[in-house]
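Survey of secondary and tertiary structure
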Amino acid sequence: MQNPSPSPSPSPSPATATGAPTNPSTTTGATTNKGKAPASAAQHSSAEASLKRKRGFFQKDLQHMMYGFGDDANPLPETVALVEDIVVEYITDLVYKAQNVGSKRGKLLTEDFLYLIRKDLPKFNRCKELLSMNEELKQARKAFDVSEENLATANDQV
């Protein structure tokens, strides 16, 4: 018996192979969202579409980083563009998740990002290290500014 459809399909979809009716609303991935509202995914994609970013903004930085990790000193522009797309997508996704975590408080904190990366120990430890270095630099600048002000007032008194 021949297939009555005009174009033969190479393999049936899982829904048709089991005999279950194919419903477009069940095959869009809404069931794999594990209870999350599909509207947030629609908002995420519409926000991405509305925020047209400049391509190549991080090109030089990424080229240097890629070279530092063993790539050629002048990598292919397509490679740099792909890495940039991946990095921007990752950061954007991380920020959206952090906003969802911090939405109960009403503001976004550094701890929201640390909470999201807590299971990735190398990333978590590196972030903690950078945050502590940043705090040390702030304190050093503050101490330097205070000593500079004291020096200026001491010169004014002489």
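Let me begin by describing the structure that accompanies this report.

What counts and how
- Residues numbered from 1 in each chain as written.
- Predicted model: local features only at pLDDT ≥ 70, side-chain atom pairs only at ≥ 80, totals over all residues.
- Heavy atoms only, no water.
- Salt bridge = Lys/Arg side-chain N within 4 Å of Asp/Glu carboxyl O.
- Helix = DSSP H or I, 4+ residues; strand = E, 2+ residues; numbered from the N terminus.
- Buried < 20%, exposed > 50% of the residue type's maximum accessible area, 1.4 Å probe, protein only.
- Phe/Tyr/Trp six-rings, centres within 6.5 Å; stacked < 30°, edge-to-face > 60°.
- Lys NZ or Arg CZ within 6 Å of the ring centre and 35° of its normal.
- Polar contact = N/O pair within 3.5 Å; in protein donor to acceptor, adjacent residues only side chain to side chain.
- Contact = heavy atoms within 4.5 Å.
- Arc of directions from axis to C-beta.
- Patch = residues over 30% accessible without salt bridge, like charges linked within 9 Å, V, L, I, M, F, W, Y side chains within 5 Å.
- Areas by Shrake-Rupley, 256 points an atom, 1.4 Å probe, with all protein chains shown as cover.
- Axes fitted to C-alpha atoms, helices over the stretch in contact; angles between N-to-C directions.
- Parallel < 35°, antiparallel > 145°, perpendicular 65-115°, else oblique.

The next thing to look at is the pattern of salt bridges. Scanning the model with the defined rule gives five salt bridges in all. For Asp-85, the salt bridge identified is with Arg-55, shortest N-O distance 2.4 Å. With Asp-85 in helix α4 (residues 77-102) and Arg-55 in the loop between α2 (38-50) and α3 (59-68), this residue pair connects regions lying 30 residues apart in the sequence. Residue Asp-85 is classed as partly exposed on the basis of its relative accessible area, which comes to 26%. Look at Arg-55 and you get exposed, because its relative accessible area is 59%. Of the charged contacts in the structure, one is a salt bridge between Lys-97 and Asp-93, with a shortest N-O distance of 3.4 Å. One end of the pair is Lys-97 and the other is Asp-93, both in helix α4 and four residues apart, which spans about a single turn. Using a relative accessible area of 41% as the deciding quantity, one classes Lys-97 as partly exposed.

What follows is about the packing of aromatic side chains. Taken as a whole, this structure holds one aromatic pair when the rule is applied. Arranged with centres 5.1 Å apart and planes meeting at 85 degrees, the rings of Phe-57 and Phe-58 form a pair that is edge-to-face. Sitting over the ring of Tyr-115, Arg-118 keeps its end group 4.0 Å from the ring centre.

As for its placement among the helices and strands, Asp-112 is situated in helix α5 (residues 110-116). Under the relative-accessibility criterion, Asp-112 is labelled buried at 3%. A polar side-chain atom of Asp-112 sits 2.3 Å from a polar atom in the side chain of Arg-105. Apart from residues no more than four positions distant in its own chain, Asp-112 is found in contact with Ala-98, Val-101, Gly-102, Arg-105 and Lys-107.

Here the focus is α3. Every buried residue of α3 is listed here: Leu-62, Gln-63 and Met-66. The arc enclosing the buried residues of α3, seen along the axis, measures out at 105 degrees, which places them on a common side. Exposed side of α3, more than 90 degrees from the buried face: Lys-60, His-64 and Gly-68 are the residues found there. Of the surrounding secondary structure, the elements contacted by the buried residues of α3 are α4. Once α3 finishes, Gly-70 follows within two positions and takes phi at roughly 105 degrees, a positive value.

Where nonpolar side chains cluster on the molecular surface, the patch consists of Val-87, Tyr-90 and Ile-91 and spans about 240 Å² of accessible area. Looking at the element boundaries, Ile-91 is found in helix α4.

For the rest of this paragraph, the subject is the environment of Lys-128. You can see Lys-128 is positioned in helix α6 (residues 121-157). Distance from Lys-128 to Leu-114, taken between C-alpha atoms, is 8.2 Å for residues 14 residues apart in sequence.

A word on the packing of α3 against α4. Running from N to C, α3 and α4 point in directions that differ by 100 degrees, and their axes come no closer than 10 Å. With respect to α4, the element α3 is oriented roughly perpendicular. Together, Gln-59, Leu-62, Gln-63 and Met-66 of α3 and Thr-79, Val-80, Val-83, Glu-84 and Val-87 of α4 make up the contact between the two elements.

Inspection of the secondary structure puts Gln-63 in helix α3. Taking relative accessible area as the criterion, Gln-63 reaches 12% and is therefore assigned buried.

Honestly, it's all geometry; don't read function into it.
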